[in-house]
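Structural features, examined
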Amino acid sequence: MIISLVGYMGSGKSHISKILSEKINFKLIDLDKEISRRNKLTIPEIFEKKGEIHFRKLEREALEEILATQENIILSLGGGTPVYYNNMEIINHNSKSIFLRASIATLSERLSKQKEKRPLIANISDENLPEFIAKHLFERNEFYSKAQFNINTDLREPEDIVNEIIEKIDL
């Protein structure tokens, strides 16, 4: 079984996937880290040197290969992964998909501390960050909401979120 975590950057996908994989003893794959490992470049370096379109092609290739395995995997996806090609369709077809939803206020607070690691928001001021996130979420929620399960992460302990995931997917 593959469990795919989708959601906006800062929604907790990496943190929750780590705890979940340890709790249920599934292999953890962070798609962005896998792309970096394969290409020997960080995600910001790929964006800078080769552009977003090239990154999205690399992302699609890695996604297809991982979803084709028969392993027990927790797959933490990049925030944009579900938006491109028909990625959300193949994610749903080949895995149990979980949308980790967080409010604009929560995302703004978390992301303001992580801008140097996030190419899409690196040059956005803290003051303008909530508006950027709101616009981006408006565009992306259509894709995220196609996930099989939807979990709100605002003001919740990671362990509670993990337990809800386990309950929803009936492990």
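My aim in this report is to walk through the structure given alongside it, one point at a time. Computed from a prediction, not measured in an experiment: that's the story for all the values here.

This next bit is on helix H2 (residues 31–39). Taken as a whole, H2 has its buried residues at Leu-31, Glu-34, Ile-35 and Ser-36. Where H2 begins, the capping side chain belongs to Asp-30, and its oxygen is found 3.1 Å from the backbone nitrogen of Asp-32. Just past H2, the residue Lys-40 takes up positive phi, approximately 55°.

Across the interface, helix H3 (residues 43–50) lies against helix H4 (residues 52–67) with an axial gap of 7 Å and an inter-helix angle of 130°. Considered as vectors, H3 and H4 are oriented oblique to each other. In this structure, H3 contributes Ile-43, Ile-46, Phe-47 and Lys-50 to the contact, and H4 contributes Glu-52, His-54, Phe-55, Arg-56 and Leu-58.

Let us look at helix H6 (residues 104–111). Regarding H6, the residues found buried are Thr-106, Leu-107, Ser-108 and Leu-111. Where H6 is buried, its residues contact helix H7 (129–144).

Read from one edge of the open sheet, 5 strands run E2-E3-E1-E4-E5, paired in parallel fashion. Of all the strands in the sheet, just strand E2 (27–30) and strand E5 (149–152) have a single pairing partner and so form its edges. Going across the sheet, the axis of each strand differs from the next one's by a mean of 20°, ignoring polarity. Sheet topology note: the E2/strand E3 (residues 73–76) ladder contains 4 bridges and is parallel. The residue bridging Leu-28 from the neighbouring strand is Ile-74, located in E3. Relative to E3, helix H1 (residues 13–24) is tilted by about 175°, and along the sheet it contacts strand E1 (2–6), E2, E3 and strand E4 (96–101). Each of E1, E2 and E3 is contacted by H4, which is oriented at about 165° to E3, the strand it contacts most.

The subject of this paragraph is the pattern of salt bridges. Under the counting rule described, the total for this entry stands at 14 salt bridges. With a closest N to O distance of 2.7 Å, Arg-156 and Glu-164 form a salt bridge. Residues participating in the shared-partner salt-bridge network are Glu-34, Arg-37, Arg-38 and Glu-65.

Reading the values: the criteria
- Residues numbered from 1 in each chain as written.
- Predicted model: local features only at pLDDT ≥ 70, side-chain atom pairs only at ≥ 80, totals over all residues.
- Heavy atoms only, no water.
- Buried < 20%, exposed > 50% of the residue type's maximum accessible area, 1.4 Å probe, protein only.
- Helix = DSSP H or I, 4+ residues; strand = E, 2+ residues; numbered from the N terminus.
- Polar contact = N/O pair within 3.5 Å; in protein donor to acceptor, adjacent residues only side chain to side chain.
- Axes fitted to C-alpha atoms, helices over the stretch in contact; angles between N-to-C directions.
- Parallel < 35°, antiparallel > 145°, perpendicular 65-115°, else oblique.
- Contact = heavy atoms within 4.5 Å.
- Pairing = 2+ DSSP bridges.
- Salt bridge = Lys/Arg side-chain N within 4 Å of Asp/Glu carboxyl O.

In short, geometric facts, not functional conclusions.
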